[in-house]
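Analysis of the macromolecular model
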Amino acid sequence: MFEGVSLKKLIRHSDDRGYFMEILREDDNFLKRFGQASLSKSYPGVIKAFHYHERQDDLWFFPSGNAQVVIHDLREESSTYGETDVFYLGEDNPGLLLIPKGVAHGYRVLGNEPVVIIYFTTESYQMESPDELRIPWDDPQIGFDWTTKPR
């Protein structure tokens, strides 16, 4: 696991009425501070990648649909600098992923259903000075192949 990246597996408590699941608790100690909570929906076949932040950490949760999440470490001082990692998150594999500043991240919608992401950040979005730096989804330095391979 990358330095500063954390994954909390989420537990569903199911019964004949449905289910209940905690997402984030203050005693999880994921966020240094709360900045903003946001929600986004993406349709099948969409790749939203890559971007990174210089000031904020992100905490990602996919309550519906499924996603392939890819992170790439851009932090020169990190022991995992230049490495790429992949997580499969969503309704079939619920988890809460902490992505620290300086780690590029993005996701691809898996399957035939849209994916919904709820994410928490340590900073609020500032339109006049956005902390969002973009890298193309097919950046040759990252070199990630987004296609699903037969296995």
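Up top is the structure.
In short, a report on the structure. (Residues numbered from 1 in each chain as written. Predicted model: local features only at pLDDT ≥ 70, side-chain atom pairs only at ≥ 80, totals over all residues. Heavy atoms only, no water.)

1. Comments concerning the layout of surface pockets
Taken as a whole, the largest pocket encloses approximately 470 Å³ of empty space. Together, 25 residues line the largest pocket, and H51, H53, D58, Y119 and E132 are the ones closest to its centre. At the level of secondary structure, the elements contributing two or more residues to the lining of the largest pocket comprise β4 (36-42), β5 (47-52), β6 (58-64), β10 (103-110) and β11 (115-121). (1 Å grid on protein atoms, 1.4 Å probe; cavity = no way out; pocket = protein on both sides within 12 Å on 5 of 7 lines; lining within 4 Å. Points joined across faces, edges and corners; volume = space filled by probe spheres on them. Helix = DSSP H or I, 4+ residues; strand = E, 2+ residues; numbered from the N terminus.)

2. Quick notes on the sheet that holds strand β1 (residues 6-9)
Ordered by their spatial adjacency, five strands build an open sheet running β1-β9-β6-β11-β4, and the pairing between neighbours is antiparallel. Pairing within the sheet leaves two strands with one partner each, and these edge strands are β1 and β4. For this sheet, the mean angle separating the axes of adjacent strands, direction not counted, is 20°. Where β6 and strand β9 (residues 95-99) come together, three bridges link them in antiparallel fashion. Its bridge partner lying in β9, D58 is registered against I99. (Pairing = 2+ DSSP bridges. Axes fitted to C-alpha atoms, helices over the stretch in contact; angles between N-to-C directions.)

3. A few points about the pattern of salt bridges
Inspection of the entire model under this criterion finds nine salt bridges. For R17, the salt bridge identified is with D15, shortest N-O distance 2.4 Å. Between D145 and K149 there is a salt bridge, with its nearest N and O atoms 2.3 Å apart. Take D145: its relative accessible area is 41%, and that puts it in the partly exposed class. Residue K149 is classed as partly exposed on the basis of its relative accessible area, which comes to 38%. Taken together, the shared-partner salt bridges in this structure form one network comprising E22, R25 and D27. (Salt bridge = Lys/Arg side-chain N within 4 Å of Asp/Glu carboxyl O. Buried < 20%, exposed > 50% of the residue type's maximum accessible area, 1.4 Å probe, protein only.)

4. Some remarks on the pairing of strand β7 (residues 66-73)
The buried count for β7 comes to eight of eight residues, which makes it a mostly enclosed element. Of the two faces of β7, both are covered, the one formed by N66, Q68, V70 and H72 as well as the one formed by A67, V69, I71 and D73. One ladder, built from seven bridges, connects β7 with strand β8 (residues 84-90); its direction is antiparallel. Looking at the pairing, N66 lines up with G90 of β8. As paired strands, β7 and β10 are joined by eight bridges and run antiparallel to one another. What sits directly across from A67, in β10, is V109.

5. Remarks on the sheet that holds β7
With antiparallel pairing, the five strands of this open sheet are ordered in space as β8-β7-β10-β5-β12. Edge strands, defined here as strands with exactly one partner in the open sheet, are β8 and β12 (133-134). In terms of strand pairing, β5 meets β10 through three bridges, oriented antiparallel. Paired with K48 across the bridge in β10 is Y107.

6. Observations regarding the packing of aromatic side chains
Under the counting rule described, the total for this entry stands at five aromatic pairs. Arranged with centres 5.6 Å apart and planes meeting at 90°, the rings of W60 and Y107 form a pair that is edge-to-face. Taken together, the positions of W60 in strand β6 and Y107 in strand β10 put the pair 47 residues apart, joining distant regions of the chain. Summarising the burial analysis for this pair, W60 and Y107 share the class buried. Arranged with centres 5.3 Å apart and planes meeting at 75°, the rings of F62 and Y107 form a pair that is edge-to-face. One end of the pair, F62, is in strand β6; the other, Y107, is in strand β10, and 45 residues separate them in sequence. (Phe/Tyr/Trp six-rings, centres within 6.5 Å; stacked < 30°, edge-to-face > 60°.)

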